[in-house]
Protein chains: 2
Amino acid sequence: MRSDPPTPPTGWQAIRDEALRRIQSREWQAGAPIPNEAELAMQFGCARSTVNRALRELAAIGLIERRRKAGSRVARHPLRKATFEIPIIQHEVEARGGRYDFTLIARNLGPAPVAASSRMGLPAGAEMLHLQALHLSDGRPYMHETRWVNPVAAPGILDVDLARVSANAWLVQNVPYTRGELTLSAAAADGTRAEALGCAQGEAIFCMERITWIGEAPVTLVIQSYAPGHRMTTAI
Amino acid sequence: MRSDPPTPPTGWQAIRDEALRRIQSREWQAGAPIPNEAELAMQFGCARSTVNRALRELAAIGLIERRRKAGSRVARHPLRKATFEIPIIQHEVEARGGRYDFTLIARNLGPAPVAASSRMGLPAGAEMLHLQALHLSDGRPYMHETRWVNPVAAPGILDVDLARVSANAWLVQNVPYTRGELTLSAAAADGTRAEALGCAQGEAIFCMERITWIGEAPVTLVIQSYAPGHRMTTAI
DNA sequence: CAGTGGTCTAGACCACGGT
DNA sequence: CCGTGGTCTAGACCACTGT
């Protein structure tokens, strides 16, 4: 039983693939210039814009470098960009065949610790809503989430029953963000997270941290800590 | 002193930004359909292909969903894709103002452990070149790398002086890959890595694992372990 | 079937940036 | 200066898919 790619691409994808082949076969050497768009359009018997589309895709993944007048060259160091799907926790859990559930562990309004407020660019002691939640798969801890919300940027959230609606779901529906930053790291489980995730203190956990802004105002900082062993994979 | 974005985009980027604005201002509601391309082309007074280009970009970052006949809709869950730059270690170190250096710690040819060969889809006990290297910033450990190379797929590597040329550099220059997989995770430092990185055993380290194939043949499996505290950030 | 996005074309103008 | 990529256009055909 075969999988799925029996149909060879046509159009601009065929041109992209042919260019890819020439790079991989070293017919076009790393660091060397490749023919210009007009030339390739003639070779492939298509319009220049079709070639442009194909090469633009290759440039987008860092395989070639393009500059006006200088032309296009095969990048000397490929493998430079990777795109990850940022999972919607519920979907991720269900995709793995688990039953999703989530629990609100804590909800406090008060001055945020400096670590949080400074990450968000707010003055020390700024009043924020602090939330802790646990996401479960088949009743077992899957991911622990600690979040600070700036009530100035998201006023309505103070009236929401966050035990029923996840803060994330409410925020994406009600407070559009204009800019965000995502950071991945590894950390040792501290007491809180170890207890929540049911693992030993100090165990290595995979962390995903996000900050979002609306205009210049920081909206939320969320740190998601996955149960030990979590992996994030993508094709390159 | 201002930074750099005083010039508002024009052309398709202007249309993309206007669409973005309508989404963020909830003028186009989450989950709701947006006008079709022809309609928008009229609104903006441009060709349909220009609108197409703009919306395609938004679809690429997961902000809208497009289906023939059904039209385009604002995605219910944004924040779904993030693109990371995969660092070239030397550049990364130098960009942080460090002096780059690397040391080959070990080089062995022999049967690979099952953990490695099975990850690569090779039979247990397959003959492989095993390498361990340490990348340094200003003489201090920055990243530890353990690698298995399949000599069947990359024969020339057995004759290379890998203390001078990094295996990665040699491979990208000499063995094109056709497919790759990248995995991020957190792990506890084992004895080997703790010693190499100069940290305590069990400390949490950020790991990046890559496997590449040429055709159906696996070329290399590399596990890169960063010194504690490493973070990988991107804008979303 | 019919509406929508996906793509291609031939031609054009322009911005950038080597020379 | 002038070659190259970046973009736009108007029109066309097609593939997919909801009805």
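Residues numbered from 1 in each chain as written. Chains lettered and ligands numbered in written order. Predicted model: local features only at pLDDT ≥ 70, side-chain atom pairs only at ≥ 80, totals over all residues. Heavy atoms only, no water.

Peer 1: Explanation requested: the interface of chain B and chain A in the structure shown.
Peer 2: How big an interface is tends to be reported as the loss of accessible area on association of its parts. Listed by partner, the interface residues are 47 residues for chain B and 47 residues for chain A. Counting each side, the surface lost to burial between chain B and chain A is near 4,500 Å², with a carbon and sulfur contribution of 57%. There are two salt bridges connecting chain B and chain A. The salt bridge partner of Arg231 of chain A is Glu209 of chain B, with a shortest N-O separation of 3.1 Å. Between the two partners, chain B and chain A, sit 11 residue pairs in polar contact (both at pLDDT 80 or more). Counting residues per element, the ones that place at least two in the side of chain B that touches chain A are α3 (48–60), β3 (81–85), α6 (167–174), β7 (179–188), β8 (204–214) and β10 (231–235) of chain B. Residues that form the side of chain B that touches chain A fall into these classes: 21 nonpolar, 13 polar and 13 charged. In this structure, strand β10 (residues 231–235) of chain A lies alongside β7 of chain B, joined through five bridges in antiparallel fashion. Looking at β7 of chain B, one finds that Thr234 of chain A is bridged to Leu182 of chain B. (Contact = heavy atoms within 4.5 Å. Buried area = accessible area lost by both parts, 1.4 Å probe. Salt bridge = Lys/Arg side-chain N within 4 Å of Asp/Glu carboxyl O. Polar contact = N/O pair within 3.5 Å; in protein donor to acceptor, adjacent residues only side chain to side chain. Helix = DSSP H or I, 4+ residues; strand = E, 2+ residues; numbered from the N terminus. Nonpolar A, V, L, I, M, F, W, Y, C, P; charged D, E, K, R; others polar. Pairing = 2+ DSSP bridges.)

Peer 1: Help me understand the sheet that holds β10 of chain B, please; the structure alone is not making it clear to me.
Peer 2: Consider a sheet: its strands pair through backbone hydrogen bonds, and that pairing is either parallel or antiparallel. Spatial strand order, β4(A)-β5(A)-β6(A)-β9(A)-β8(A)-β7(A)-β10(B): seven strands in an open sheet with antiparallel pairing. Unpaired on one side and paired on the other, β4 (100–111) of chain A together with β10 of chain B mark the two borders of the sheet. Looking at each pair of strands side by side, their axes are set apart by 15° on average, direction ignored. Of the pairings in the sheet, the one linking strand β6 (residues 140–149) of chain A to strand β9 (residues 217–226) of chain A comprises seven bridges and is antiparallel in character. Paired with His144 of chain A across the strands is Ser225 of chain A, a residue of β9 of chain A. (Axes fitted to C-alpha atoms, helices over the stretch in contact; angles between N-to-C directions.)

Peer 1: Sorry, what's going on with the packing of helix α1 (residues 12–24) of chain B against α3 of chain B here?
Peer 2: Between two packed helices, both the angle of their axes relative to each other and the distance between the axes serve to describe the pair. Residue and element names in this part refer to chain B. It is the contact of α1 with α3, at a shortest axis distance of 8 Å, that shows an interaxial angle of 55°. Overall, the two elements α1 and α3 adopt an arrangement that is oblique. With respect to the hand of their crossing, α1 and α3 are arranged in right-handed fashion. When α1 is examined against α3, the residues Trp12, Ile15, Arg16, Ala19 and Leu20 are found in contact with a partner set consisting of Thr50, Arg53, Ala54, Leu55, Glu57 and Leu58. Tallied by class, residues from the contact of α1 with α3 come to seven nonpolar, one polar and three charged. (Parallel < 35°, antiparallel > 145°, perpendicular 65-115°, else oblique. Left-handed = near helix turned anticlockwise from the far one by under 90°.)

Peer 1: Would you mind going over the protein's contact with DNA strand C with me for this structure?
Peer 2: With respect to spatial proximity, 22 residues lie near DNA strand C, and among them Gly11, Trp12 and Thr50 of chain A together with Arg48 and Arg66 of chain B are the closest. Among all atoms of DNA strand C positioned within 4 Å of the protein, those belonging to sugar or phosphate total 68%. Mapped by element, the contributors of at least two residues to the surface near DNA strand C are α1 (12–24) and α3 (48–60) of chain A together with α3, β1 (64–67) and β2 (71–74) of chain B. The dominant element in the surface near DNA strand C, judged by the number of residues it contributes, is α3 of chain A, at four residues. For the surface near DNA strand C, the residue count by class is three nonpolar, eight polar and 11 charged. (Near = heavy atom within 4 Å.)

Peer 1: It is not clear to me how the packing of aromatic side chains should be interpreted in this structure. Could you clarify?
Peer 2: Any two aromatic rings considered together are summarised by their centre-to-centre distance and by the angle between their planes. Applying the stated rule across the entire model yields six aromatic pairs over all chains. With a centroid separation of 5.7 Å and an interplanar angle of 75°, the aromatic rings of Phe84 of chain A and Phe84 of chain B are classed as edge-to-face. Of the two residues, Phe84 of chain A is situated in strand β3 (residues 81–85) and Phe84 of chain B in strand β3; the pairing between them involves two chains. Consider the rings of Tyr142 of chain B and Tyr226 of chain B, whose centres lie 6.0 Å apart with planes at 80°: the pair is edge-to-face. Remark: Tyr226 of chain B occurs in strand β9 (residues 217–226) and Tyr142 of chain B occurs in strand β6 (residues 140–149); sequence separation between them is 84 residues. Exposure class is identical for Tyr142 of chain B and Tyr226 of chain B. Each is buried. Chaining the aromatic ring pairs together yields one cluster made of Tyr142, Phe206 and Tyr226 of chain A together with Tyr142, Phe206 and Tyr226 of chain B. Here Arg179 of chain A stacks its cationic end above the ring of Trp213 of chain A, 4.0 Å away from the centre of that ring. (Phe/Tyr/Trp six-rings, centres within 6.5 Å; stacked < 30°, edge-to-face > 60°. Buried < 20%, exposed > 50% of the residue type's maximum accessible area, 1.4 Å probe, protein only. Lys NZ or Arg CZ within 6 Å of the ring centre and 35° of its normal.)

Peer 1: Could you clarify how one ought to interpret the pattern of salt bridges in this entry?
Peer 2: One side chain can pair with another of opposite charge once the charged atoms of both are near each other. Residue and element names in this part refer to chain A. This model, assessed by the stated rule, comprises 28 salt bridges over all chains. Two residues, Arg147 and Glu145, come together in a salt bridge whose shortest N-O distance is 3.1 Å. Ionic contacts of the salt-bridge type, sharing partners, join the residues Glu18, Arg21, Arg22 and Glu27 into one network.

Peer 1: Please clarify how the side chain of His144 of chain A should be interpreted in this entry.
Peer 2: Residues and elements named next belong to chain A. On the secondary structure map, His144 appears in strand β6. Among the residues examined, His144 registers a relative accessible area of 1% and is labelled buried. In terms of polar contacts, His144 uses its side chain to reach the side chain of Gln132, at 2.9 Å. In this structure, His144 is in contact with Ile105, Gln132, Ala133, Leu134, Thr192, Arg193, Ala196, Leu197, Ile223, Gln224 and Ser225, ignoring residues within four places of it in sequence.

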